[in-house]
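These are the residues of each chain, in order.
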There are 2 protein chains.
Amino acid sequence: MARIAEIDGTQPVRGEGRRGRRSGGGADARRALRSSGTVAKKRFIERQIPPYEILSEENLALIEENAETVLNEIGIEFRDDPEALAMWKDAGADVQGERVRFPRGLCRKLCETIPSSFTQHARNPERSVEVGGNNTVFAPVYGPPFVRDLEGGRRYATIQDFQNFVKLAYMSPSVHHSGGTVCEPVDVPVNKRHLDMVYAHLRYSDMPFMGSVTAPERAEDSVAMAKLVFGDDFVENNTVMINLINANSPMTFDGTMLGALKVYARHNQACIVTPFILSGAMAPVTPVGVMTQTLAEALAGLAFTQLVRPGAPAVLGSFASSISMQSGAPTFGTPEPALVLYGMAALARRLGVPFRSGGSLCGSKLPDAQAAHESTQTLMPTVLGGVNFVLHAAGWLEGGLVSSYEKFIIDADQLGMMQTFAGGYDLSENGQAMDAIREVGPGSHFLGCAHTRANFETAFYRSNIADNNSFEQWEADGALDAFQRANGIYKKMLADYEAPALAPSIDEALKAFIAERKASEPDAFS
Amino acid sequence: MARIAEIDGTQPVRGEGRRGRRSGGGADARRALRSSGTVAKKRFIERQIPPYEILSEENLALIEENAETVLNEIGIEFRDDPEALAMWKDAGADVQGERVRFPRGLCRKLCETIPSSFTQHARNPERSVEVGGNNTVFAPVYGPPFVRDLEGGRRYATIQDFQNFVKLAYMSPSVHHSGGTVCEPVDVPVNKRHLDMVYAHLRYSDMPFMGSVTAPERAEDSVAMAKLVFGDDFVENNTVMINLINANSPMTFDGTMLGALKVYARHNQACIVTPFILSGAMAPVTPVGVMTQTLAEALAGLAFTQLVRPGAPAVLGSFASSISMQSGAPTFGTPEPALVLYGMAALARRLGVPFRSGGSLCGSKLPDAQAAHESTQTLMPTVLGGVNFVLHAAGWLEGGLVSSYEKFIIDADQLGMMQTFAGGYDLSENGQAMDAIREVGPGSHFLGCAHTRANFETAFYRSNIADNNSFEQWEADGALDAFQRANGIYKKMLADYEAPALAPSIDEALKAFIAERKASEPDAFS
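Thresholds, definitions, all that
- Residues numbered from 1 in each chain as written.
- Chains lettered and ligands numbered in written order.
- Predicted model: local features only at pLDDT ≥ 70, side-chain atom pairs only at ≥ 80, totals over all residues.
- Heavy atoms only, no water.
- Salt bridge = Lys/Arg side-chain N within 4 Å of Asp/Glu carboxyl O.
- Buried < 20%, exposed > 50% of the residue type's maximum accessible area, 1.4 Å probe, protein only.
- Helix = DSSP H or I, 4+ residues; strand = E, 2+ residues; numbered from the N terminus.
- Contact = heavy atoms within 4.5 Å.
- Least-squares fit on C-alpha atoms with pLDDT ≥ 70 in both.
- pLDDT = per-residue confidence, 0-100.
- Expected span 1.5 Å × (residues − 1).
- Phe/Tyr/Trp six-rings, centres within 6.5 Å; stacked < 30°, edge-to-face > 60°.
- Lys NZ or Arg CZ within 6 Å of the ring centre and 35° of its normal.
- Pairing = 2+ DSSP bridges.

A. Geometry of the pattern of salt bridges. Applying the stated criterion to the full structure yields 58 salt bridges over all chains. Notably, a salt bridge pairs Asp161(A) with Arg155(A), separated by 3.6 Å at the nearest N-O pair. On the accessibility criterion, Arg155(A) (31% relative accessible area) is partly exposed. The partner of Lys492(B) in a salt bridge is Asp496(B), with the nearest N and O atoms 2.5 Å apart. One end of the pair is Lys492(B) and the other is Asp496(B), both in helix 18 (residues 482-496) and 4 residues apart, which spans about a single turn. Residue Asp496(B) is classed as partly exposed on the basis of its relative accessible area of 30%.

Here you go:
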């Protein structure tokens, strides 16, 4: 079963040594171009294509009405958090025990102070991202306790695996974010691993990242480490972390998640409020039913962030999959979650808040055709639907139980394709190419014409994983499949990796903080 | 390189024994449900989702203007066909040698008599398809000289392979059409194989199919065989074959294709006029350039069908891929062809004619992750763009050089997903599921609630190729990938195959026709 995993936040240096040797620059940009076609590293995608809208205004209004009915008649439970209940009572909600029922429209009204778009600052300002609007940010897989590669098979993840995935994200031209728990380093005590994870994001990348949500005090650690890097005032008045707050669907938030939410919102850090739905288990089996419940739960959680701190950045999240009738396991890449995604994206746009969903999800055990179909059947709706923040964009395997090295490489190539697609059409005179058509004329070919020569280098997205050689050449190269080719690519990337610069004073301050926190309590492994 | 292959048309019985034991019926429908989830065999897809529109009216009008400029200033060559040139001269075009230049708007005006949608009749009336409007028809791969499966590897195709793919299409719930040259039976003489191919479509399936286009006389054979089955008058006044007429891009039609086009149009059979473009070779490297040239070529070819017979059914086709900068081979599933597809679909809608494009295209040598990504990156635009007739929807491998048994199975599953997706949302009270949300409430689960029990059996698309078992169960089952699982499925399908009924008198008449035609000329193998 897909897990809902955690992290622990530390964060990247800002203001010092921040250029590192990341992309943007000449040699690296050229290397990125060579290794992955025409896609140079971008901060994020500014979509030049419209969202694909399936549902009518009337249909969307119906779902919104139904969600208000859920909030008003059934309500949402806020468990193990008396403070939250008191805040809701003050806000005008009907609180009975831990059940909160909302006057129609209250949650939507409270959400008005959520920014429609916000900047998440990276320690390298050239890697800061915009979350919201027409922008899309790709972040790696989040949460798996296992890793897999071709030779090693499936095994528990370690902190070294964690560092490796941070490095791969850093080097991938179309991955815009370092993510959070890129895998769960189970070799580090559970109450201390957040410190090592955040340090890895900081030391081995300079991209934006995610804070720990597994306990309020770990969220506080994340904020404290962010302040060592970005400065106290900067953190309080800006957003340097984005954090995953999952609802306990159906219609419940638990104390742990509420605790983390409150920490982050109070410090102006972004919360992604995500109902995590396996349709048929945590919500009805119908897509419209899933959307209704998801919207109700998200509205309650998002509104709560604004009770904590009006104007704090927040993101409406939706994670929906179906379940197998045979095994009860979650399934991915099927039509029903795609319908949910398109609908939720439209509902988030109507609410005026950024939206998180999708990714490169699959249930397959291997990076095979099943994995690829399911991933693309999720990723294309993600991009066409207009998702703003995409967790699990690269590396997700086996329902989120496994971070796959090879799948990370294969997925990252697909992200490049979608980045190119989202750039839309070139309708300039050069794009119209009338001169080329005039020059060549009937019965000839365009291979050598001036327009082709001028544009060929950047005309087509170039995959670094697809083999487009002749059959004979492919056989001579060993008749490898994509899985095998990706193995060679990830190893070469890790061998070629160079860390971005980090000011020694910051590095020392972080190490000291980690050492002190680790010494302050005994190890825990569960 | 992708080939543009041929077929040979014979055709299905109509009026006699037509029910066969195809789908629709009880036991077979249930078997289809079991073997491929919730998708029962449908005649075709009636899309309940809107097309995804990326380009504005203004942008589309610009491309149309440019296409008119190509037709007017550069013109199109109609080669080796003096009759065609005379017809164009009569129609008011400027004919210089074989070059035809068109007054602005002439071709578009001539296209007004093309039906916006038409019925292609099958010998089993329950399998007739509607081509046009909101409908989508999936047909198998067309043209490969090779086949591949897991054990046999890549080898030249035979007539037995051809029959096998006809059988697989017939048994696949989401394949709506028997197609044409599902593979090229190279063991049969090139001048006679069309007879055996058409016979296979007729004998082993009862679905609609495609006629031969490799020579005008083979097109005539196709029509003659259709008349043996459907009757002379029926064929002349209805459409029982759909036929692939490719332009020799850039801006050229050759005598062979024009000859086949004339035969089919005169007999009221449908022509798919398809500029076959490898961008950078047969057209400019930019998507808008490809669209401009494709539209110009298609307009000329479509208009020509109406000079032959006003009102004859015709389909605007677009086949566009990019080429690898390394190997010069065609590439598939990249962003640029997807942009072309969405744009051409919109242009076909504006012209008011049915549209053919897309499929499950890939360049991979194996049914691996590359094949799957590329195929889905083609198939989703196909469905979201609103393609009406989808050739190569199942089985295409290695740039169209190979018909793959296992990929046919994997693709057919994806077609089922797209068929379900195209059904859109259930917004009924049952779809809204408010009773379920009320019944379950916060903190419980939906697994046993009344709504789930009432809907679970049909709620989710069920893949027959995806493995959603636990990791442990999957390992116990042999740790197979999708390629290996598909191998078992295709073999079981062929073992379970039962032919649809065919009246003995018709079968004899067809066999006699084939024997006579085969005896009338010596074998040719090139």
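B. Examining the environment of Ser321(A) more closely. Residue and element names in this part refer to chain A. With respect to the helices, strands and loops of the structure, serine 321 is situated in strand 15 (residues 319-323). Among the residues examined, serine 321 registers a relative accessible area of 1% and is labelled buried. Between the alpha carbons of serine 321 and leucine 299 there is a distance of 20 Å; along the sequence they are 22 residues apart. Apart from residues no more than four positions distant in its own chain, serine 321 is found in contact with Ile277, Leu278, Ser279, Pro330, Thr331, Phe332 and Pro337.

C. Here's a closer look at the relation of the copies chain A and chain B. Expressed as a screw operation, the relation of chain A to chain B combines 0.0 Å of axial shift with a rotation of 180 degrees, fitting to an RMSD of 0.0 Å. Expressed as an axis order, the relation between the two copies is that of a two-fold axis. When each C-alpha of chain A is compared by its distance to the rotation axis, Ala369(A) comes out closest, at 2.2 Å.

D. Inspection of the side chain of Asn468(B) at higher detail. Along the chain, the position of Asn468(B) falls in the loop between helix 16 (450-459) and helix 17 (471-476). Each residue touching Asn468(B), except ones within four places of it in the same chain, is listed here: Ser324(A), Ser327(A), Ala329(A), Pro330(A), Thr331(A), Gly363(A), Lys365(A), Gln370(A) and Glu374(A).

E. Structural detail: the confidence of the model for chain A. Residue and element names in this part refer to chain A. Taken over all residues, the pLDDT of chain A has a mean of 92, while the share at 70 or more is 92%. Note on residues 1-39: pLDDT under 50 across the span, and 154 contacts to partners over four residues away in sequence or across chains. Of the two predicted TM-score estimates for the complex, the pTM is 0.93 and the ipTM is 0.92.

F. Inspection of helix 6 (residues 193-204) of chain B at higher detail. All names here are of chain B. Helix length check: helix 6, at 12 residues, gives a terminal C-alpha distance of 16 Å against a target of 16 Å (1.5 Å per residue), a fit within 8%. Judged by how many residues are buried, helix 6 sits mostly within the fold: 11 of 12 residues are covered. Packing partners of the buried residues in helix 6 comprise helix 5 (159-171), strand 10 (209-210), helix 7 (216-230) and helix 19 (504-519).

G. Inspection of the packing of aromatic side chains at higher detail. Scanning the model with the defined rule gives 39 aromatic pairs over all chains in all. Taken together, the ring pairs connect Tyr52(A), Tyr342(A), Phe421(A), Tyr52(B), Tyr342(B) and Phe421(B) into an aromatic cluster. Taking NZ or CZ as reference, Lys167(A) lies 5.0 Å from the ring centre of Tyr204(A), over its face.

H. Region of the structure containing the sheet that holds strand 8 (residues 146-149) of chain B. Residues and elements named next belong to chain B. Pairing is mixed across the open sheet formed by 4 strands, whose spatial order is 9-8-19-18. The open sheet has two edge strands, strand 9 (153-156) and strand 18 (396-397), and neither has a second partner. Sheet topology note: the strand 18/strand 19 (residues 402-404) ladder contains 2 bridges and is antiparallel. By the bridge assignment for strand 19, leucine 397 is matched with valine 402.

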